[in-house]
Structures are given as structure tokens and as C-alpha cells.
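Chain by chain, the residues:
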Amino acid sequence: MTLKTITREFEGFLEDRKSRFLAHLVPLELFDQRLEDLRKEHKKAAHIVTAHRRLLEDDRIEESGKDDGEPAGTSGMPTLRVLQGAELINCAVLIVRYFGGTKLGGGGLARAYSGAAQDAINNAELVVFQKILTQKVKAGFADSSEVERKIEMLGLTVIARDYTEDGVTLTVEGPEDALSQL
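Every chain is numbered on its own, with residues counted from 1 as its sequence reads. With the structure being a predicted model, the display of local features is reserved for residues of pLDDT at least 70 and the display and counting of side-chain atom pairs for 80 or more, all residues being used for whole-chain, interface and lining totals. By convention in this description, side-chain values take in all heavy atoms of the structure and omit both hydrogens and water.

Next up on the list: the packing of aromatic side chains. Any pair of Phe, Tyr and Trp rings, taking the six-membered ring for Trp, is counted once the centres come within 6.5 Å. Such a pair is stacked with planes under 30 degrees apart, edge-to-face with planes over 60 apart, and tilted for the rest. Counted by the stated rule, this structure contains one aromatic pair. Pairing F21 with Y113 gives two aromatic rings, centres 4.9 Å apart and planes at 80 degrees, and the pair type is edge-to-face. Linking F21 in strand 3 (residues 19–27) with Y113 in helix 3 (residues 105–123), this pair joins segments that are 92 residues apart in sequence. We note that F21, like Y113, is buried. We call a charge positioned above a ring when the Lys NZ or Arg CZ atom is no farther than 6 Å from the ring centre and deviates by at most 35 degrees from the ring normal. The residue whose ring lies beneath R20 is Y98, and the NZ or CZ to ring-centre distance is 4.9 Å. Comment: elements are numbered from the N terminus, with helices defined as DSSP H or I runs of at least four residues and strands as E runs of at least two. To sort residues, take the accessible area from a 1.4 Å probe on protein chains only and compare it with the maximum for the residue type: under 20% means buried, over 50% means exposed, and anything in between is partly exposed.

Set out below in C-alpha cells:
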């Protein structure tokens, strides 16, 4: 399974029997601020349903779907299932619903929320998720410039250099697959 993520916000839209569903797919670090902004911007909205997925340090996935007053299981979980199906991680979907006057029923709500989330994902530029790790690399003085060149070539970042009498220990940060080539 290749996990994917996003680097900026994308939007989606669905309308069903005059109810409008405005989906916002955001990187997880923007979630709290975006939810606050949407609540201010859409004061007359009936609901703002959310779902998110986050990769934890121990490689477990934390995820949730919140119905925000919709009947239990009709909105947050269907939205979360769309994120799962797209293999998205470290992002969230926030869906603003304006009620159109006609009740959609449980199945209709589930289809509408998941359809709006899918539209946002279809509009998104997905990137392959790469876990960023740090690693220490030791080198003697004679080899240190060659090691630094390799680090730069792999697109890694040196975040610390600790010099000893034998050489240098570099603390390097970058995607797991690039670190494995050191």
C-alpha cells in the first residue's frame, strides 16, 4: 500500500435536493485553524462534518470521523472511508452542509458526504507520503566532504554536525528511502 498526502488545500462540491456540500481537503497541520475559519465563514451552515487520518510515530494510524449533529454514522464515517479508500494520510476533510429543505435519509447523507469528499480528492494533487526520519552518520575527516556530497545528492538535510577528534557525526533528516542509501 502506497500512502499519499497533500501539501495544500483542495475543494470539492456536491448538491443533492438543494442541500449543498462544500468539501475542503486540507493538510492535517491546517485542520484546527481551517475548522475555526469555516465556522466563522459559514455561520448559517447546518453542519461541518470532519474526518482525518494521521500516521503516528509507531506507524499506527489515528483516524476519526465526526458527524457534527447529523444522524450517527451517516456523515463522519462515510467521509473517513473515502480517505481510507484513497490511502490518504496526514490530512483531513471538512464538509460544510447547507440544508436544502428536503431530508436525504441516512443513505442519502452517506452518499452526499462521501461524494463531496471524493470530489475534493479528485481535484487534489496527491503526492506519495514519505516518512521523514533522522539518522546519525559518522565520517572521518578524510571522508567527510564525500559523505556531505552524497547527503546533498540524496536531497537530505544536515541538521547538526558534531566534531570529534576522529571526525564528524552528522545528524541527517529526510525521507526513509533516501536515508537507507547512506
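Now, onward.
Now for the side chain of R34. With respect to the secondary-structure elements, R34 resides in helix 1 (residues 31–41). Each residue touching R34, except ones within four places of it in the same chain, is listed here: E9, E11, H24, V26, E41 and L94. Here, two residues are considered to be in contact whenever any of their heavy atoms come within 4.5 Å of each other.

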